[in-house]
Amino acid sequence: MFQKITIKKGAHGYSGKILRYLIAAVVALVLFWFGFTAVVREGSTGVILRLGAVRQEITHSGVYLKLPWPFETVVTYDGRLQYLRSGRLETTTRDKRNVILQSYVVWKIQDPVLYHNRVGVSNSAETYIGDQVYSATNSTLGAYDLAALVSTNPAEIQMDEIQQEIFQRVRESCSQNYGIDVVDVSIMTLSLPTNNLNSIFEQMSADRQKDIDTILANARKQANKIQTDADAEAARIRADGVTQAAQITAKAETEVAKIYAQAQAANMDLYKFLKELDTLVASVNDSTILVVRADEYPFSVLRKYADTMAPEDDETVLRDLKYLLSRLPEQEREDLVTAITQLLQQEGTGEEK
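Described below are features of the structure shown in this document.

About the criteria used
Residues numbered from 1 in each chain as written. Predicted model: local features only at pLDDT ≥ 70, side-chain atom pairs only at ≥ 80, totals over all residues. Heavy atoms only, no water. Helix = DSSP H or I, 4+ residues; strand = E, 2+ residues; numbered from the N terminus. Buried < 20%, exposed > 50% of the residue type's maximum accessible area, 1.4 Å probe, protein only. Contact = heavy atoms within 4.5 Å. Areas by Shrake-Rupley, 256 points an atom, 1.4 Å probe, with all protein chains shown as cover. Core = buried A, V, L, I, M, F, W, Y, C linked by side-chain atoms within 4.5 Å. Expected span 1.5 Å × (residues − 1). Arc of directions from axis to C-beta. Pairing = 2+ DSSP bridges. Axes fitted to C-alpha atoms, helices over the stretch in contact; angles between N-to-C directions. Phe/Tyr/Trp six-rings, centres within 6.5 Å; stacked < 30°, edge-to-face > 60°.

### Things to note about the overall build of the chain
Secondary structure summary: the chain contains nine helices and nine strands in total. In the chain, buried positions account for 26% of the 353 residues. Considering only contacts within the chain whose residues lie at least 6 apart along the sequence, 62% involve residues at least 24 apart. Per element, the accessible surface of the chain, about 24,400 Å² overall, is 55% carbon and sulfur.

### Side note on the nonpolar core
In this structure, Val 105, Trp 107, Tyr 115, Ile 129, Val 170, Ile 180 and Val 182 are the most contacted members of the largest nonpolar core, which totals 32 residues. Elements with a contribution of two residues or more to this core: β2 (44–50), β5 (72–78), β8 (98–109), α3 (125–141), α4 (159–178) and β9 (180–191). With near-sequence residues (within four places) excluded, Val 170 lies in contact with Gln 132, Val 133, Ala 136, Val 182 and Val 185.

### Section: the side chain of Thr 140
Looking at where Thr 140 falls in the secondary structure, it is placed in helix α3. With relative accessibility at 0%, the residue Thr 140 sits in the buried group. Setting aside residues up to four positions removed in sequence, Thr 140 forms contacts with Ile 162, Glu 165, Ile 166 and Arg 169.

### A short note on α4
In a regular helix each residue adds 1.5 Å, so 20 residues correspond to 28 Å; α4 covers 28 Å between its end C-alpha atoms and thus fits that length. Residues of α4 that are buried: Met 159, Ile 162, Gln 163, Ile 166, Phe 167, Val 170, Ser 173, Cys 174 and Tyr 178. All buried residues of α4 project into a common sector of 145° when viewed along the axis, lining one side. Seen from the buried face of α4, the exposed residues on the opposite side, beyond 90 degrees, are Asp 160 and Gln 176. At its buried positions, α4 is contacted by α2 (112–118), α3 and β9. One or two residues past the end of α4 sits Gly 179, with phi positive at roughly 70°.

### A look at the sheet that holds strand β3 (residues 53–58)
Spatially, β3-β2-β5 is the arrangement adopted by the three strands of the open sheet, whose pairing is antiparallel. Two strands in the sheet have a free side with no partner beyond their single neighbour: β3 and β5. In this sheet, adjacent strand axes meet at a mean angle of 25° when their direction is disregarded.

### Some points on the packing of aromatic side chains
As enumerated under the stated definition, the model contains three aromatic pairs in all. Measuring from centroid to centroid gives 4.8 Å for Tyr 128 and Tyr 178, while their planes differ by 20°, and the two rings are stacked. Linking Tyr 128 in helix α3 with Tyr 178 in helix α4, this pair joins segments that are 50 residues apart in sequence.

What is shown is where atoms sit, not what they do.
In structure tokens form, the structure reads like this:
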């Protein structure tokens, strides 16, 4: 007789099976993760390729499903802003002046598919952008004179306009041909070839001399105008002075005539004496030397006047004469008074000279 033997499985048998399932699941999950997914990090962009052809464009970070290699692959690029410094470019302006420029470019990938097809993973984007900057700079500066870049006259400088035109050309070309968005293009340095420095300095000196000549011409014009206005004002002032002097003289002569008329009406003899005395004073000057007789004109007027005066009035006459002759210089006035005194004394004593 055979006896049936039953073997019971232990707890360790079930746990081993579960462990094998877990390991298989983890391996499957790992294989799925690395074979069927792609992780695109923040700030990156790219494309999913199926057998070398673009199947999907990646513009945002995240996890993307794909077939395992070699059926599908993921190519990523740096989608952040990037900085490029171009080489030193020597070009010619419209007035045949050579200049050396160096620019900087800020750019980023705009169209990952176009960028992959035209640029690819060779990382030659900087070469393509540099070529576009070179072409745009040559084309733009060919339409401007050197004065638009360097000039002593700020009104002639057109640097902002030139940079904007270069920027627009580079941006359009890079966007259409390479899927690159150019954010900024600016001229960083500007210099001149050594053999052109002398001619540039001569041109700047000529421009500065032209400005100096213009300033001097304007100054002379203003000076002439000021001189002309001053001469006209001086002539007007002199004319007004002559007119006012004539008016004052006429008024004074009228007053004198009036005084003479009043004096004549009050004392005819005094009036005649004063007139004859004025004639005497007017006939002499600083260099006049007179040798006269007391009984001859005009000194005879003193004698005639003395005849009409009482002896006790001689001092009064002398005092009146001093007052009347106050217009003469002091020394001449004293000399004349002394002479008149001597003549009066001789006339009173009956002496003749």
